[in-house]
Amino acid sequence: MSVTGQPLNRVDGELKVCGKARYAAEFSLPRMVYAVMVQSTMPNGRVKKIDTSFAEKSRGVLSVLTHLNAPKLPDGGKAAIDPPAGRVLSLLQDNQVHYNGQPIAVVIAETLEHAIDAARMLRIDYERAPATLNFATAKSHGYSPGKVQGSEADSHRGDMDLGLREATFRVSATYTTPMEHHNPIEPHATIAAWDGDRLTLYDATQYVSGVRRTVAKTLGISEEKVRVVCPYVGGGFGGKGSAWSHVLLAVMAARQVGRPVKLVLERPQMFGPVGGRPTTEQVLALGANRDGRLTTMHHGVISNTSFIEDWTEPSAIVTRMLYACPNQTTSHRLVKLNLGTPTFQRAPGEATGTYALECAMDELAYETGIDPVELRLRNYAERDPDKNKPFSSKSLRECYQIGAERFGWSRRDSRPRSMQDGNWLVGMGMATATYPTNRGKAAARVRLMPDGTALVQSGSQDLGTGTYTVMTQVAADALGYPIQQVHFELGDTAFPEAPVSGGSQTAASVAPAVRAASIAARNQLIDLALADTESPLRGIRREDMTIENGWLQSRADKTKREPVAAVIARNGGRPVEALGDSEAGDEKKKYSMHAFGAVFTEVHVDKDLGTIRVPRVVAAYGVGNLLNEKTAHSQLVGGIVWGISLALFEKSELDLRYGRFVNANLAEYHIPVNADIRQIDITVVPEQDPHVNPLGVKGIGEIGITGVGGAIANAVYHATGRRIRDLPITLDKFI
Amino acid sequence: MNPFSYQRANSAEEAVHLAEVPGAMFIGGGTNLLDLIKGGVEHPQHLIDVSRLKMADVSELPDGSVRIGAMARNSDVANHPLIRQRYPLLSQALLSGASAQLRNMATVGGNLMQRTRCCYFYDTAFDKCNKRVPGSGCSALEGHNRMHAILGASDQCIATNPSDMSVALAALNATVRVRSAISERTIHIDNFHRLPGETPEHDTNLNPGELIVAVDLPPSLFANHSYYLKVRDRASYAFALVSVAAALDMHEDTIRNAALALGGVAHKPWRMPGAEALLVGQKLNAASMQAAADEIVRGAHPYEHNRFKVELARRSVVRALSKAGGVA
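Every value quoted in this text rests on a predicted model; they were computed, and no experiment measured them.

For chain B, the count of helices and strands is 13 helices and 11 strands. Taking 20 Å as the expected radius of gyration for a compact globule of 328 residues, we find that chain B reaches 19 Å, a close match to that expectation.

So, in structure tokens, the structure goes:
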């Protein structure tokens, strides 16, 4: 029986709960020393003077790196810049300060305590320049970034004037979302160790090969000289998709002191120099005819970036394809602020974009008097209206139906403030969820060992999502091995290359490669057996052969069989090895590929105090095949939890005078705690998609967060009659 | 380098003796102090560990009051039968604070001494904080002040006291017993914490070297009608935007005595005797509750980001009184 899809426990679960899974910061090397990254405390200007004398004399200190003594890097440290993921880094190449929190020095000492202590002894004088920090006043200087992650920043279809003329109903509103920071449980961490001209990195990353490329290019050395190791990641969420400054600073520090260096960011350092979600202001203007059919849509987005680099939150991209509407414009504009550069954060664009779009659709539902589900069905896109292609598969209709049924949507009285339970105003809201189905080029290697086990390797990553587990399942099925006999390894550039674990593409990219490599190895093993004069299988036709549960056997005569180990043993004990790779073909040109879902939420808002609870979230998704029902469920739950967080809690609070975040810690940067999360009910509808990839899987890492913000905001409106268009929806907005 | 010595005291006498040197600080559970040291906010030269002193009992005194040893853990106090039965308000307040893990570590004495969560106090990269660096200014006045005081603040400091326990202690008229090397004294809870005035660096009226040894709770008639309401941004593990300790002594449907204290709104638990007086002799109804709510925030002065707190405090008082009186 196939194990792929089964709700198996994580193969690395026991290691993790026993503390035996070693994360980047937990490696320890002989003679290793510690580095602390020192950051600017003002937002714009330059370092006029930096007095390192006290720090250098401090006990245990080996070196203090500043712009005055840091090694000059080729091309000013900019050789690896490759937008949007290859970042402009702060590598002590000049004295310019562009944001509060920018790395400006590194202190290296025998112990972490010595390094922290010495870091406080630096005396830094700045020459201050006026800083641009206020999004509200700076936004009038918005400019087009040209491209937004491969797409045009602006889009236009149909005839907007015609669409407006045809519109019986119109809604127009502005929605805002705040800056947020990823805050995975594992902070960014790098250990850098030079051995001659060879460099080994232990790095908390979503992309070992990307780190290798960035480091090698920045230093001007060959990629073969660099090895990056990352067996476990304690959450990345996009924040670890790029190699940030601290990675190179650790490398430079290790070279400076001639010893391995460990550099781990402290929690407050996660707010600024390693990206986050930018502020967005989104204007939605919708028009619909008497039947509720959209005749016109406009979605204009302004988001902030830094002064060192353009990075755009692509919030309006989703609007281009989600509903059938002939006349539409979308636009993205950027505003430069003296802040660290923003970056990919779980469903960048879709998380914020679906909040605004789905709120606007709810406002249109009230305007037209059409039920929100029905309104979405009337505007159901049978084809991708942006790319003008068929969808490779789309089960959104089923999602609406199943979600509505499980939620009890028909019991909803649509009038705002019509439902109450004691002091709680009760509201129900819904929204559409969606995320693109991506696939990258990936490779894997399989080694069938003489002891009957299989070693499967790919230079991918497991962000805590279950990559180890699902790849083990895929390999076991493709090989015909029992799952206990399959060992999957990842997180090492010594393995065949795999893409960044971002864009929800790991399963869709790596699983086909693992399967291809496994099938190749399996076929080699069968050929070996068939050619082996001592094998009981000799003479059977190749197509009649199978491997099941670790036994080679004849399909026709199950008594003709032998264990895989026996074949390898007679072959001199040499492992059977095969490579496999996989990448998207022409199907992407023919089809538009997306996952879809429907999210229904119930919220309770205290009528006097404004406190909000979310007792229920019901969601249904069409996401192709699942490789593991259990880890998939956890992924979707995790996404919904973050959606609740986006709606109600998260905001990085900026002091507009200092350009510094005032809640840069986990006590005051609020994410949900267990008490905030009640019932989450998820259904994955059956969906066969032969086009997305050979396993028919769509990524599930990000779709869970999409739609939730809108569904909650809509439920809050239904409960209270108040339309909160500014996230997070906190209680003070009701007082 | 900021080296410090660490000594474990074996008795209260020894502790106060050890604390006679400049730069000494007591450490109990360390749930707040260690963070402050790591953040470079506090710089003790000598840490006197008092967490193992035999002062962790909760016991009844001959006059019927209850004494809580200063080293009693927050979770032990919250779950102690004497506290649950006679002072459920205190139990409720304690359990609404922090997380289970922190409550297991934090002591009653330490809770009284916990420092404000003002972000400008905590992050030393902000150059202006009169509480941290007297005379440097107050960044919060015109900064991000959503969590800050609306009552009793000064132009030197608008920080709030973050404790839930202290708010309940205020409503319960607790007394703090402290000792030094030469004397022992009691301080009424109302006088324990200070308003910031011109010297916000002092959170309390403790003298240097004084050690909290116990908290005494007088006999209370509030046990049947009390409620601690904590209004915050998430369901647990968040500091109060506003909290209310409401306690009533009811005779049939008339209020015989009342106590009200607000948390999250001032540099200390906020009481307004006039608000309580407005309730005494009245029936608990919308009018009497609203009158008390209006009175307790009289003179409130909000700042840019915490204007909502004034009305929120009023509504919270009404809700807490309703809950205490069993009318909601």
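Let us keep going from here.
Next up on the list: the overall build of chain A. When its secondary structure is counted, chain A shows 17 helices and 33 strands. A globule of 735 residues ought to have a C-alpha radius of gyration of about 27 Å, and chain A, at 27 Å, matches this closely. Projected onto its principal axes, the C-alpha coordinates of chain A cover approximately 80 × 75 × 50 Å. Looking at chain A as a whole, 57% of its 735 residues qualify as buried. When contacts within chain A are restricted to residue pairs at least 6 apart in sequence, long-range pairs at least 24 apart make up 82% of them.

In this section: the confidence of the model for chain B. Averaged over every residue, the pLDDT of chain B is 97; residues scoring 70 or more account for 100%. In the predicted assembly, ipTM is 0.97 and pTM is 0.97.

This part covers the sheet that holds strand E6 (residues 123–128) of chain A. Residues and elements named next belong to chain A. With antiparallel pairing, three strands are arranged side by side in an open sheet as E4-E2-E6. A strand with exactly one partner marks an edge of an open sheet, and here the two such strands are strand E4 (96–97) and E6. The sheet contact formed by strand E2 (residues 45–51) and E4 spans two bridges and is antiparallel. Bridging from a neighbouring strand, Arg46 pairs with Gln96 of E4.

Let's shift gears to the sheet that holds strand E3 (residues 61–66) of chain A. Residue and element names in this part refer to chain A. Pairing within the open sheet is mixed, and its seven strands lie in the order E3-E5-E1-E14-E11-E12-E13. Strands with a single pairing partner mark the edges of an open sheet, and in this sheet they are E3 and strand E13 (226–229). Neighbour to neighbour, the strand axes of the sheet diverge by 20 degrees on average, direction disregarded. The sheet contact formed by strand E11 (residues 189–195) and strand E14 (residues 261–264) spans four bridges and is antiparallel. Within the sheet, the bridge partner assigned to Thr190 lies in E14 and is Leu263. Running over the sheet, helix H7 (residues 245–257) touches strand E1 (33–39), E3, strand E5 (103–109), E11, strand E12 (198–203) and E14 and is turned about 35 degrees from E11.

Residues and elements named next belong to chain A. The topology assignment puts Phe407 in helix H11 (residues 396–407). Since 23 C-beta atoms lie within 10 Å of it, Phe407 is described here as buried. Between the C-alpha atom of Phe407 and that of Val618, which follows or precedes it by 211 residues, the distance is 5.9 Å. In contact with Phe407, other than residues within four places in its own chain, are Phe600 and Val618.

What follows deals with the environment of A:Val107. Residue and element names in this part refer to chain A. One can find Val107 in strand E5. Residues Val107 and Ile568, spaced 461 residues apart in sequence, show a C-alpha to C-alpha distance of 53 Å. Setting aside anything within four residues of it in sequence, one finds Val107 in contact with Ala35, Val36, Val38, Ala55, Val61, Val64, Ala115, Ala118 and Ala119.

What follows deals with helix H17 (residues 708–720) of chain A. Residue and element names in this part refer to chain A. Compared with an ideal rise of 1.5 Å per residue, which puts 13 residues at 18 Å, H17 spans 18 Å between its outermost C-alpha atoms and is within 8% of the ideal. In terms of residue burial, H17 counts as a mostly covered element, since 13 of its 13 residues are buried. Directly after H17, the chain includes Gly721, whose backbone phi takes a positive value near 80 degrees.

This part is about the pairing of E13(A). Residues and elements named next belong to chain A. Side chains Val226 and Val228 project from E13 onto a buried face, and the interleaved Arg227 and Val229 project onto a face without burial. Note: E12 against E13, four bridges, orientation parallel. Residue Thr200 lies in a different strand from E13, and its bridge partner there is Arg227. Tracing the backbone out of E12, into helix H6 (residues 208–219) and back to the parallel element E13 gives a crossover that is right-handed.

Moving on: the packing of helix H16 (residues 629–648) of chain A against H17(A). Residue and element names in this part refer to chain A. At their nearest, the axes of H16 and H17 sit 8 Å apart, and the two run at 50 degrees to each other. Here H16 is positioned oblique relative to H17, judged by the angle of their axes. Relative to H17, the crossing made by H16 is right-handed. Of the residues in H17, those in contact with Ile640, Gly643, Ile644, Leu646, Ala647 and Leu648 of H16 are Val708, Gly709, Ile712 and Ala713. Counted by class, the contact of H16 with H17 contains eight nonpolar, two polar and no charged residues.

The rules behind these values
- Residues numbered from 1 in each chain as written.
- Chains lettered and ligands numbered in written order.
- Predicted model: local features only at pLDDT ≥ 70, side-chain atom pairs only at ≥ 80, totals over all residues.
- Helix = DSSP H or I, 4+ residues; strand = E, 2+ residues; numbered from the N terminus.
- Rg over C-alpha atoms; globule rule 2.2 N^0.38 Å.
- Buried ≥ 20, exposed ≤ 12 C-beta atoms within 10 Å, placed from the backbone.
- Contact = placed C-beta atoms within 7 Å.
- pLDDT = per-residue confidence, 0-100.
- Pairing = 2+ DSSP bridges.
- Axes fitted to C-alpha atoms, helices over the stretch in contact; angles between N-to-C directions.
- Expected span 1.5 Å × (residues − 1).
- Right-handed = clockwise from strand over helix to strand, strands pointing away.
- Parallel < 35°, antiparallel > 145°, perpendicular 65-115°, else oblique.
- Left-handed = near helix turned anticlockwise from the far one by under 90°.
- Nonpolar A, V, L, I, M, F, W, Y, C, P; charged D, E, K, R; others polar.

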